[in-house]
Amino acid sequence: MTRSVLLVEDDQRVRRALRLALEDEGYQVREAGSGRDGLAELSRNPPDVVLLDLMLPDLDGFAVCHQIRHTSAIPVIMVTARTDSHDVVAGLEAGADDYVTKPLVAKELSARIRALLRRTDNAPGGAPRRLTSGDLSIGVDEGVVTRDGSPVALTETEFKLLAELALAGGKVRSREQLLERVWGYGYFGDSRIVDVHVRRLRTKVERDPANPSHVVTVRGLGYRLVP
């Protein structure tokens, strides 16, 4: 099945080059030249993944990603020419699942998209149907999380992160292990992605995100889910 990518990029030359490269990799590509056009296209016909430039002429990538996250858990990869740590973290905190920096390498970008779609498509295999952590109930096979019986809305990446911690049975998972298991790549990865997603996850599953009781930090080692 051909997977679709919505490419939101204001530079027509960059957009054309990326479209040709992604089509060569087998993706169906739709284009938008501004943030507002991207949101309109997303509403009309949701793609499998959004490739979102940070610098756009009307709504910037941060604002667009925030709006996407109000209504959808669709995977988003942020594209930035900036390497500044603040911008990368801000993009992830806006709701992006991953980020890439310009100039883009088509093979690397395709690998990122494939990894993102794999974890969207596949639930962890051989897992118990339901795991618990205090007032949290995690339906690993169903992709459902509840707290005190009420549904918790997570993105695909947030759910996969929580599920991997739950499947560890209370053991610590290092950032490198989570990067490999959740994002599906090693040397491409950046451990800041893990930290930001843990912070986002805590805002949704913890009663007091500043003092987490479910997803806890083990200093110098990584994270664990309290059984």
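Predicted model only: the values in this text are computed from it and were never measured.

A closer look at the overall build of the chain
Phase 1 of the analysis: Looking only at helices and strands, the chain has eight helices and 11 strands in total.
Phase 2 of the analysis: Principal-axis analysis of the C-alpha atoms gives the chain an extent of 50 × 35 × 30 Å.
Phase 3 of the analysis: Looking at the chain as a whole, 51% of its 227 residues qualify as buried.
Phase 4 of the analysis: Across the chain, every contact between residues at least 6 apart in sequence was considered, and the portion connecting residues at least 24 apart equals 58%.
Phase 5 of the analysis: By element, 48% of the accessible surface of the chain is carried by carbon and sulfur atoms, the whole surface being about 10700 Å².
Phase 6 of the analysis: Treating the 32 positive side-chain charges of the chain as one cloud and the 33 negative ones as another, the clouds have centres 4 Å apart.

Concerning the sheet that holds strand 9 (residues 150-151)
Phase 1 of the analysis: Strand order in this open sheet of four strands is 6-7-8-9, and the pairing throughout is antiparallel. A strand with exactly one partner marks an edge of an open sheet, and here the two such strands are strand 6 (131-133) and strand 9.
Phase 2 of the analysis: Note that strand 6 and strand 7 (residues 136-139) share three bridges and pair antiparallel. Looking at the pairing, Leu131 lines up with Ile138 of strand 7.
Phase 3 of the analysis: Here helix 6 (residues 156-167) sits on the sheet and contacts strand 6, strand 7 and strand 8 (144-147); the angle it forms with strand 7, its principal contact strand, is near 100°.

Thoughts on helix 2 (residues 35-44)
Phase 1 of the analysis: Those residues of helix 2 that fall on the buried side of the exposure criterion are Gly35, Gly38, Leu39, Glu41 and Leu42. Taken down its axis, helix 2 places every buried residue within 165° of arc, on the same side. The exposed residues of helix 2 that point more than 90 degrees off its buried face are Arg36, Ser43 and Arg44.

As for the confidence of the model for the chain
Phase 1 of the analysis: When pLDDT is averaged across the chain, the result is 88; 91% of the residues are at 70 or more.
Phase 2 of the analysis: Per-element confidence in the chain ranges from a low mean pLDDT of 80 for helix 5 (residues 106-121) to a high of 97 for strand 10 (residues 215-218).
Phase 3 of the analysis: Low pLDDT, under 50, characterises residues 123-127; the stretch is placed with 10 contacts to residues that sit more than four places away or in other chains.

Thoughts on the domain arrangement of the chain
Phase 1 of the analysis: We note that the domain assignment places domain 1 (4-117) and domain 2 (130-225) within the chain.
Phase 2 of the analysis: Just the C-alpha atoms count here: the centres of domain 1 and domain 2 sit 24 Å apart.
Phase 3 of the analysis: When the two sides are added together, the surface that domain 1 and domain 2 hide from each other amounts to roughly 1300 Å², 56% of it contributed by carbon and sulfur.
Phase 4 of the analysis: The largest per-residue losses of area from domain 1 upon contact with domain 2 belong to Leu92, Asp97 and Arg112, which jointly make up 32% of the total buried on that side.
Phase 5 of the analysis: Viewed at the interface, domain 2 and domain 1 are joined by one salt bridge.
Phase 6 of the analysis: Across the salt bridge formed by Arg199 and Glu93, the nearest N and O atoms sit 2.7 Å from each other.
Phase 7 of the analysis: Here domain 1 is connected to domain 2 by seven residue pairs in polar contact (both at pLDDT 80 or more).

Focus on the sheet that holds strand 3 (residues 49-53)
Phase 1 of the analysis: Read across the open sheet, the five strands follow the order 2-1-3-4-5; overall the sheet is parallel. With partners counted over all chains shown, the strands left at the sheet margins are strand 2 (28-32) and strand 5 (98-101), one partner each. Looking at each pair of strands side by side, their axes are set apart by 20° on average, direction ignored.
Phase 2 of the analysis: Summarising the sheet, strand 1 (residues 4-8) and strand 3 pair through four bridges and their orientation is parallel.

Considerations on the side chain of Asp98
Phase 1 of the analysis: Residue placement: Asp98 occurs in strand 5.
Phase 2 of the analysis: What makes Asp98 buried here is its relative accessible area of 2%.
Phase 3 of the analysis: Among the polar contacts listed, one links the side chain of Asp98 to the side chain of Arg112, at a separation of 3.1 Å.

A short note on the pairing of strand 3
Phase 1 of the analysis: The element strand 3 is largely enclosed, with a buried count of five among its five residues.
Phase 2 of the analysis: The alternating pattern of strand 3 places Val49, Leu51 and Asp53 and Val50 and Leu52 on opposite faces, both of which are buried.
Phase 3 of the analysis: Alignment of strand 3 against strand 4 (residues 76-80), held across four bridges, turns out to be parallel. Bridge pairing links Leu51 to Ile77 in strand 4.
Phase 4 of the analysis: Between strand 3 and its parallel partner strand 4, the chain crosses via helix 3 (residues 61-71), and the hand of that crossover is right-handed.

The rules behind the values
- Residues numbered from 1 in each chain as written.
- Predicted model: local features only at pLDDT ≥ 70, side-chain atom pairs only at ≥ 80, totals over all residues.
- Heavy atoms only, no water.
- Helix = DSSP H or I, 4+ residues; strand = E, 2+ residues; numbered from the N terminus.
- Buried < 20%, exposed > 50% of the residue type's maximum accessible area, 1.4 Å probe, protein only.
- Contact = heavy atoms within 4.5 Å.
- Areas by Shrake-Rupley, 256 points an atom, 1.4 Å probe, with all protein chains shown as cover.
- Lys, Arg positive; Asp, Glu negative; His and termini not counted.
- Charge placed at Lys NZ, Arg CZ, Asp CG, Glu CD.
- Pairing = 2+ DSSP bridges.
- Axes fitted to C-alpha atoms, helices over the stretch in contact; angles between N-to-C directions.
- Arc of directions from axis to C-beta.
- pLDDT = per-residue confidence, 0-100.
- Domains from an automatic or database assignment.
- Buried area = accessible area lost by both parts, 1.4 Å probe.
- Salt bridge = Lys/Arg side-chain N within 4 Å of Asp/Glu carboxyl O.
- Polar contact = N/O pair within 3.5 Å; in protein donor to acceptor, adjacent residues only side chain to side chain.
- Right-handed = clockwise from strand over helix to strand, strands pointing away.

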